[in-house]
Amino acid sequence: MIAAVLCTLAPLARAADLEIRLTKNIIYDIASDSQNRKYLELRSQVKRLNPSLSHFDVAHDGDSITVTFGFRNGPDRAELRLIGSKHDFYRMAMGVRLAETLQALTRADPMVESLGVETQGNEVILKLRYAGEFPAPTAQKAPPPPPPETQPEPQPPPPEPAEAPATPAEAEVEVKIQAVAPPAPARPVAETAAPPPAAPSPPAEPSPADEAAEAWDAARREDTLQAYVRFLERYPDAPQADEARARADELRENLAYHQALRRDTEEVYRAFLDHFPESSHRAEIEARIQAIEARRRQLTAERKAQEAEKRRRAKAYAEARKLDTAEAYRIFLAAYPDAPEAAEAKKRLRRIEEDDRAFAQARGDERRLEEYLGRFPKGRHREEARREARELRRRRMEADYQRAVDQGTEEALAAFLKAWPRSPHESKVRKLLARLRAPPAPPEPAASEPVAPNEAGVLRAAWVSRLPAVDGNPSDPVWAQASELEVDVAPSGRTLRVRAVHDGERIALLVRWEDPTRDALYRPWVWDPARNAYHQNEQADDGLAVAIYGDPQIQDPCMLQGRDLEADMWVWRAFWSDLSGYASDGRLQISRTRMPRSNPYPSRDGSGQLWIREEPDVGAYPWSFFVPVEFQGSVVPSYKPSRAAGSRADVTAKAVWAEGVWSVEMERRLRTGNADDVELVPGKAYPLAFAVYDRSEKDRHSTSGVVRLEIETRR
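Everything numeric here is computed off the predicted structure, so don't read it as measured data. (Residues numbered from 1 in each chain as written. Predicted model: local features only at pLDDT ≥ 70, side-chain atom pairs only at ≥ 80, totals over all residues. Heavy atoms only, no water.)

**Some words on the overall build of the chain**
And then number 1: If you tally the helices and strands in the chain, you get 16 helices and 30 strands.
And then number 2: Going through the 715 residues of the chain one by one, you find that 40% of them count as buried.
And then number 3: Look at the contacts in the chain between residues 6 or more apart in sequence, and 59% of them connect residues 24 or more apart.
And then number 4: A total accessible area of about 41,200 Å² is found for the chain, and carbon and sulfur atoms account for 51% of it. (Helix = DSSP H or I, 4+ residues; strand = E, 2+ residues; numbered from the N terminus. Buried < 20%, exposed > 50% of the residue type's maximum accessible area, 1.4 Å probe, protein only. Contact = heavy atoms within 4.5 Å. Areas by Shrake-Rupley, 256 points an atom, 1.4 Å probe, with all protein chains shown as cover.)

Structure follows, in structure tokens:
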């Protein structure tokens, strides 16, 4: 007679530690095989490396990949899932940050925890812990053998069941066979006449129902998932089985629920709902998912808003750096006082203000101007400071020279030569000094020197074979063919340097003057963060106006001199002309008789009321007014370029500001054919006047006297 003890699979009462072996090539194929063309080959390779797997599956959803490993024991099943992107699997295939990648791949399954990863050559060994039920071996008594045909002799009780192996991954059935001694040989009849003494009866064994009831009481006292799983494994058909299954499902769900709460991620919550769609915690889990999604949307919106604000701030600071003026930095700091660039903007603003303040305090003092140049060798006013220092030095030299000549003594003249050894008066002073030191001679009559004719108010437009390009570049060789006229404008005290050329068809003007600041913004839109809207700033740009009079007898360009005037007006503005490439072409009319659309002014000589009207020429402007409706930068121009047409497109203009000097070029046809323009004819002369605007407009300007423009005939 043979007795056997069978070791069968039963769920563990604790988490199971597992190892899954893969090769780097398998992981690479999992990531790249989006059409599952290698699925059968992959499954065969994976199951060959992991014999205990019951099934293997790969699912691609766009860039997301889900890999499932299944373990089965009868009706019981356990599944492990790795969920991640193609990038995660590619990174694992290349052996990059394996532990971190494994954590990322297992975070979406609430029943799985990753412990680590190892590599052995081309193999990658994943070490995982399954927190739910998982097949493991346990011991069970084998069924009794069938009854023999003859009455067997009493047998010893069967051996106790063998202990279950301690390893959770054990899935083999171990069979232990124990041999029992053969029955004793039959005795002769004579010997068996007397009945043997009766053997003692064995103790009665408990019935299966009693064993199930006893095991059920023990499972209820322990009240753990593992206890109920052990009970169902031993007594699947017991009357208490349904209650045990219900309690096991409840505990399994609670285990996954608390583990999901600990991880607190959207992926884990959704995996929980996939495992337990009818869970009593479904409403709470869905609410947590919604809260995570809302928070994610909020963070996304905040990040986008921060990025947009960062872009606006960077653009605003770039504009301030490009202008590099105190006003530009003040506008930026008013809009973004706490920006990361604020410290640099404040530093640059302080430097500019110190520069402006030091120059203002040094003006008129030669020594202080030299100190300013030493302190600010690259200052904004260095060119003007050098010119003013040279002028003051020249004046001081002239004063010393006049003083020495007035004194007329040897000591005074010698002191002048010592102080000014290379002055323009050195030769004259040496002659005077030699005359004082020489014996006296009879006086000679002073010879009269010829006086050159005064042509300071005449601007000659030289005839040239080609005109210079209208680009604001004064170094064009064509300009060297024309003489330069210096024209003073009051009350600013600036001096204009003017040249003119023509080719018989068109005339071009070059006007240069010193201006320490480049002001090229006209009433820009400035962003106000407090109001979340734009407002228009009152800043004006630099400008130059040229008035060409039709009356050749004009001697006074003042509009209020008390007589009727008409002038063709060319107006260059730093902002508009740079924007469009044109100067504003219009007509100025002054009359003692009231005109439509005119403004009254009293005449300067008290002769009565004058009416002044400024009107643009007929046609379309080369610019148009612009109002921004959304944020486009901290400072936005108030005009956009447009298509010029008609008489308004007669005068092209371009200017360049460099090292404190404006260079403005204007060009127009001599005869435009328009009634609102003054025709210019070679061989004739025309009175004209200039006006300079320094960050101003309308009547806030400096004007020149009348200049006579003579247009040369072809040589």
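**Focus on the pattern of salt bridges**
And then number 1: In this structure the tally under the stated criterion is 49 salt bridges.
And then number 2: In this structure, Asp-694 and Arg-494 form a salt bridge, with 3.2 Å as the shortest nitrogen-oxygen distance. Separated by 200 residues along the polypeptide, Asp-694 in the loop between strand E28 (685-693) and strand E29 (702-704) and Arg-494 in the loop between strand E11 (485-490) and strand E12 (495-502) bring together distant segments of the chain.
And then number 3: Residue classification places Asp-694 among the partly exposed residues on the basis of a relative accessible area of 33%.
And then number 4: Connected via shared salt-bridge partners are Glu-266, Arg-270, Glu-293 and Arg-296. (Salt bridge = Lys/Arg side-chain N within 4 Å of Asp/Glu carboxyl O.)

**Quick word on the packing of aromatic side chains**
Note on aromatic pairs: each is described by the distance of the centres and the angle between the planes.
And then number 1: Counted according to the given criterion, the structure contains 25 aromatic pairs.
And then number 2: Plain terms: the ring middles of Trp-216 and Phe-231 are 5.3 Å apart, the flat faces sit at 55° to each other, and that makes the pair tilted. A residue pair is termed long-range when its members are at least 10 positions apart, and Trp-216 in helix H5 (residues 208-222) and Phe-231 in helix H6 (residues 225-234) qualify at 15 residues. Across the pair, exposure class does not vary: Trp-216 and Phe-231 are buried alike.
And then number 3: Centroid distance Tyr-621 to Trp-623: 6.2 Å. Interplanar angle 25°. Geometry classified as stacked.
And then number 4: Taken together, the aromatic side chains of Tyr-522, Trp-525, Phe-575, Trp-576, Tyr-621, Trp-623, Phe-625 and Tyr-639 make up a single cluster linked through ring pairs. (Phe/Tyr/Trp six-rings, centres within 6.5 Å; stacked < 30°, edge-to-face > 60°.)

**Points about the pairing of strand E14 (residues 525-528)**
And then number 1: Because side chains alternate across E14, one face comprises the buried residues Trp-525 and Trp-527, and the other comprises Val-526 and Asp-528, equally buried.
And then number 2: As judged from the four bridges shared by E14 and strand E15 (residues 533-536), these two strands associate in the antiparallel manner. Bridge pairing in E15 places Trp-525 opposite Gln-536.
And then number 3: In this structure, the hairpin formed by E14 and E15 is closed by a connection of four residues, where Asn-532 is found at a positive phi of approximately 55°.
And then number 4: As paired strands, E14 and strand E23 (residues 635-636) are joined by two bridges and run antiparallel to one another. Note that in E23 the partner of Val-526 across the bridge is Val-635. (Pairing = 2+ DSSP bridges.)

**Brief notes about the confidence of the model for the chain**
And then number 1: Of the residues in the chain, 81% reach a pLDDT of 70 or more, and the chain-wide mean stands at 80.
And then number 2: A low-confidence stretch, residues 134-144 stays under pLDDT 50, and its non-local contacts, those more than four residues away or across chains, total 43 contacts.
And then number 3: Note on residues 146-193: pLDDT is under 50 here. Beyond four places in sequence and across chains, it has 47 contacts. (pLDDT = per-residue confidence, 0-100.)

**Here's the deal with helix H14 (residues 410-419)**
And then number 1: When we look at burial in H14, the residues that qualify are Ala-412, Leu-413, Phe-416 and Leu-417. For H14, the angular spread of the buried residues around the axis is 135°, confining them to a single face. Turned more than 90 degrees off the buried face of H14, the exposed positions are Glu-411 and Lys-418.
And then number 2: Residues of H14 that are buried make contact with helix H13 (382-407) and helix H15 (426-437). (Arc of directions from axis to C-beta.)

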